[in-house]
Every structure is written in C-alpha cells, then in structure tokens.
Amino acid sequence: MKNKQTQKQQRKKGWFRPFLQLITLGLYNLNFKGFRSGKIYNGTLKGICTPGLHCYSCPASAGSCPLGTLQNTLSNLRGKINLYGTGLLLLFGAALGRVVCGFLCPFGFLQDLLYKIPTKKFTPAFKRLRFMKYAVLVGLVVVFPIVTMLTKYAGEPGFCKFLCPMGTIAGIELTAANSEMRSLIGVLFWLKLGFLLTIILCSIFIYRPFCRLLCPLGAFYGLFNKIALLRYHVDETACTHCGACEKACPVRIDPVAECNSAECVRCGKCKNICPASAISYRSKPKKCTSGKDE
Amino acid sequence: MKNFLKNNYIALGILFFAVLFVVLGLLQNDFQTVRQKGSMICTQCVGFK
C-alpha cells in the first residue's frame with residue numbers, strides 16, 4: 001500500500017521531465033516536412049546550436065549539433081576558430097551541467113522510453129567503463145579531427161563518423177525519404193546501424209547505456225555538474241538517511257554523498273522519491289548542503 | 001545576491017567568458033559558418049560513402 005502511494009507520488013512529481021523532453025524533441029525537429037521530402041533544412045535557425053545531441057543532417061532538424069560544430073572547428077584550425085559554437089557549449093555547461101542530458105537530449109529521451117519497456121532490469125555501476133566517454137571526448141572529438149586535419153587536406157569528425165547514433169538515425173531518415181540517397185549506403189552505414197541497434201537493445205535492460213559509457217557531450221557537461229548554476233542541493237537537516245534515493249538512482253550514485261557527481265544525468269528520481277524533500281535544485285536556497293556546494 | 005555570487009563565482013566566471021566567446025563569434029560571422037555547415041548533409045556523420 002505504502003509502495004503504491006510512493007509510486008503515485010513519484011509519478012505526480014515526475015511529469016515535467018518527459019513533458020519537457022517531448023517539447024525539446026519537437027523544437028529540435030521543427031522542419032517536419034523534411035521527413036517527407038528527405039531534404040535538410042537550411043534556414044536561419046540552422047545557425048543555432050542545440051544543447052543536446054542532435055544530428056544536423058537529419059531532414060527534420062532545425063538546429064545544428066554542438067559536437068558537430070566543435071569537431072568542424074577543430075578540423076579547420078588552419079582557419080579561424082569558431083568562438084560562437086565553443087561559447088555556446090560553455091554556456092550550456094556552466095548554466096545547466098547535465099540537466100541538458102536529463103531534460104534536453106532527444107537520444108536520452110529515446111533511451112528513457114526504451115527503459116520503460118517492462119522487462120528484467122540490470123543496474124551495473126560501470127565503475128571503470130564509465131571513463132570510456134572521456135576517452136571518446138578526447139580521442140574522437142578533439143584529437144581525431146586535429147590529426148586528420150594535419151595529415152589530410154580536411155579534418156574529419158571522428159565521433160560523428162564512427163559512433164554518433166543520432167547520425168545513423170539521420171541516415172535512416174534520409175534514405176527512407178529520399179530513394180536517391182540509398183545508393184550512398186556503404187559498409188560504414190551498416191556498421192553504425194549495428195552499433196545503434198546494440199545501444200537500443202541495451203537501453204531496454206540498462207538505464208541510458210550510451211549516456212553513461214560513450215556520450216562525449218555528457219562527459220563534457222558532467223565536468224560542470226559540481227559548479228553549474230542549476231545543481232542539486234541536499235538539505236542535511238531534512239535528510240533522514242533512509243536510503244530511498246540511493247535505491248532509486250538508476251546510475252548507482254549515492255545522492256546524499258555525491259549529489260553533483262559527473263555521472264548524474266539529472267533524471268530526478270532521487271529528488272522525486274525523497275520522503276523528506278531534502279533534495280532540490282539550487283534555485284531553492286536552504287541552509288545546509290552536502291557535496292561541497294556551499 | 002551576495003550569497004549567490006559567492007556560491008556560484010566559478011560558474012559565473014565561465015558564463016562571462018562563454019557570453020564573450022558567443023558575442024565575439026557572432027562578430028566574426030560564426031553564425032553563418034555554423035548555418036552553412038549545418039545546411040549540407042554530412043556524409044560521414046550519416047555513414048554514407
């Protein structure tokens with residue numbers, strides 16, 4: 001009975017995040033007619049970088065990918081540095097941290113939906129494997145474009161080329177809507193499709209495997225989790241140390257001890273389940289904090 | 001206000017530079033560069049030949 005009440009309470013508190021994720025998905029894909037024509041949008045909005053992972057080659061995409069922009073900048077270091085794209089990434093990071101992952105990322109939303117499929121769930125901590133996303137950030141997003149720029153005429157976006165699942169989804173949409181594009185499908189497309197299907201399959205059983213293990217954007221925003229303007233705050237005077245938040249956390253963090261961990265994707269489950277409402281966002285100031293916030 | 005500044009000085013410092021970068025970027029026409037790049041299909045990103 002008590003369990004059912006808690007679930008009801010959690011559902012009542014947790015409606016805002018999926019609602020905002022849905023709105024975000026709609027805003028990122030404002031060019032609906034692209035789905036039918038298979039042609040990508042090239043209007044003024046394309047100059048705006050979206051905060052979350054989203055391929056600009058998607059026919060419906062209205063904005064540009066922040067990682068794509070960063071890689072384009074690095075692969076063209078002989079020219080001018082794109083201060084605008086870099087500045088926007090820093091802006092999103094310092095203001096929101098991984099709130100972007102929890103609320104404003106379409107691929108995170110897709111993984112959230114897949115995890116809702118009722119099957120047996122696994123909650124591995126990924127204590128060592130989680131560092132892979134930093135390797136992806138340094139290796140494929142930063143080093144690869146620079147190295148290819150120095151060795152070839154033009155640099156290549158390593159993450160987009162080899163890993164990005166949103167790029168694969170964009171490729172599927174382009175080939176589905178535009179038959180001329182199908183002749184361009186090569187080995188790389190099939191490899192990326194296999195990788196996307198693996199991620200989709202894993203997302204049914206494990207909470208957000210891509211975000212936790214491989215997403216370089218999540219790794220970047222995670223660096224800001226401790227200092228971002230919008231960060232978690234645990235009121236130690238209200239906390240009863242019941243352990244409900246730790247049990248509810250799908251990424252296996254102890255929110256009381258490390259509420260602003262770089263691994264926290266801001267899903268809000270700990271915040272919603274807390275019977276004492278001890279966990280809140282920074283905008284609600286309280287006297288006592290945990291996690292070196294004050 | 002004083003408390004807010006004291007608690008968030010690192011984030012505010014980064015935000016200051018971020019806004020500065022965005023403004024300087026806009027002045028050097030980066031917006032159009034991003035728009036032009038984003039208006040072309042990135043064949044590598046979607047996995048095409």
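As the structure is a computational prediction, the values presented were derived from the model and not from experiment.

Rules and cut-offs
Residues numbered from 1 in each chain as written. Chains lettered and ligands numbered in written order. Predicted model: local features only at pLDDT ≥ 70, side-chain atom pairs only at ≥ 80, totals over all residues. Heavy atoms only, no water. Helix = DSSP H or I, 4+ residues; strand = E, 2+ residues; numbered from the N terminus. Buried < 20%, exposed > 50% of the residue type's maximum accessible area, 1.4 Å probe, protein only. Areas by Shrake-Rupley, 256 points an atom, 1.4 Å probe, with all protein chains shown as cover. Axes fitted to C-alpha atoms, helices over the stretch in contact; angles between N-to-C directions. Left-handed = near helix turned anticlockwise from the far one by under 90°. Contact = heavy atoms within 4.5 Å. Disulfide = S-S within 2.5 Å. Salt bridge = Lys/Arg side-chain N within 4 Å of Asp/Glu carboxyl O. Parallel < 35°, antiparallel > 145°, perpendicular 65-115°, else oblique. Core = buried A, V, L, I, M, F, W, Y, C linked by side-chain atoms within 4.5 Å.

Asker: So what exactly am I meant to see when it comes to the overall build of chain B here?
Answerer: Looking only at helices and strands, chain B features 4 helices and 0 strands. Counted from the first residue to the last, chain B has its helices and strands arranged as α-α-α-α. For chain B, the spread of C-alpha atoms along the principal axes amounts to about 55 × 25 × 10 Å. Within chain B, the proportion of its 49 residues that are buried is 35%. Roughly 3,100 Å² of accessible area belongs to chain B as shown, and the carbon and sulfur atoms make up 69% of that amount.

Asker: Even after reading the chapter, I still don't get the packing of helix 4 (residues 66–74) of chain A against helix 8 (residues 132–151) of chain A, so can you show me in this structure?
Answerer: Helix packing geometry: the angle between the two helix axes and the distance between the axes. All names here are of chain A. Where helix 4 contacts helix 8, the axes come no closer than 8 Å and their chain directions differ by 35°. The way helix 4 lies across helix 8 gives a crossing that is right-handed. Of helix 8, the residues touching helix 4 (which contributes Leu67, Leu70, Gln71 and Leu74) are Leu140, Val141, Val142, Pro145, Ile146 and Met149.

Asker: What is the right way to read the state of the cysteines from this model?
Answerer: Disulfide: a covalent bond formed between the sulfur atoms of two cysteine residues. Scanning all chains against the criterion turns up 1 disulfide over all chains. Covalently, B:Cys42 is tied to B:Cys45 through a disulfide, its sulfur atoms 2.2 Å apart. Across the S-S bond of B:Cys42 and B:Cys45 the torsion is about 70°, and the bridge reads as right-handed. Given the relative accessible area of 3%, B:Cys45 is considered buried. A:Cys215 forms no disulfide, and the closest cysteine sulfur to it belongs to A:Cys211, at a distance of 5.9 Å. The thiol of A:Cys239 is not disulfide-bonded; the next cysteine sulfur, from A:Cys245, is found 6.3 Å away.

Asker: Can you help me understand the environment of B:Gln32 in this one?
Answerer: Structurally, the position occupied by B:Gln32 is in helix 3 (residues 30–38). Between the C-alpha atoms of B:Gln32 and B:Phe16, which are 16 residues apart in sequence, the distance is 23 Å.

Asker: Even after reading the chapter, I still don't get the pattern of salt bridges, so can you show me in this structure?
Answerer: Opposite charge on two side chains permits pairing when their charged atoms draw close. All names here are of chain A. Inspection of every chain in the model, using the stated rule, returns 5 salt bridges over all chains. The partner of Asp112 in a salt bridge is Arg208, and the shortest N-O contact between them spans 2.9 Å. Highlighted residues: Asp112 in helix 7 (residues 106–115) and Arg208 in the loop between helix 11 (187–205) and helix 12 (209–213), separated in sequence by 96 residues. The exposure classification of Asp112 matches that of Arg208, with both residues buried. Between Glu263 and Lys133 there is a salt bridge, with its nearest N and O atoms 2.8 Å apart. Placement of Glu263 in the loop between helix 14 (244–248) and helix 15 (269–273) and of Lys133 in helix 8 is noted, with a sequence separation of 130 residues between them.

Asker: Could you clarify how one ought to interpret unusual backbone geometry in this entry?
Answerer: Note: most residues except glycine have negative phi, and most peptide bonds are trans. All names here are of chain A. Of note in this structure, Arg266 is not a glycine but carries a positive phi near 60°. Of note, Arg266 is situated in the loop between helix 14 and helix 15. Exposure remark for Arg266: the relative accessible area of 0% places this residue in the buried category.

Asker: For this particular structure, what's the right way to read the packing of helix 7 of chain A against helix 11 of chain A?
Answerer: All names here are of chain A. Packing of helix 7 against helix 11 leaves a shortest axis separation of 7 Å and a crossing angle of 50°. Here helix 11 runs oblique to helix 7, going by the angle between their axes. Of the two possible hands of crossing, helix 7 and helix 11 adopt the one that is right-handed. The residues of helix 11 that touch helix 7, namely those facing Phe107, Gln111, Leu114 and Tyr115, are Leu196, Ile199, Ile200, Ser203, Ile204 and Phe205.

Asker: So what exactly am I meant to see when it comes to the environment of A:Gly186 here?
Answerer: Along the chain, the position of A:Gly186 falls in the loop between helix 10 (165–177) and helix 11. Given a relative accessible area of 11%, A:Gly186 falls into the buried group. The sequence separation of A:Gly186 and A:Gly155 amounts to 31 residues, and the corresponding C-alpha distance is 20 Å. Non-local contacts of A:Gly186, meaning those with residues more than four positions away in its chain, are made with B:Gly47 and B:Lys49.

Asker: Help me understand the nonpolar core, please; the structure alone is not making it clear to me.
Answerer: Where a protein is soluble and globular, its nonpolar side chains tend to be buried together. Of all hydrophobic cores here, the largest spans 81 residues; its most connected members are A:Leu53, A:Phe159 and A:Phe210. With 6 residues, the top contributor of residues to this core is helix 5 (residues 83–96) of chain A.

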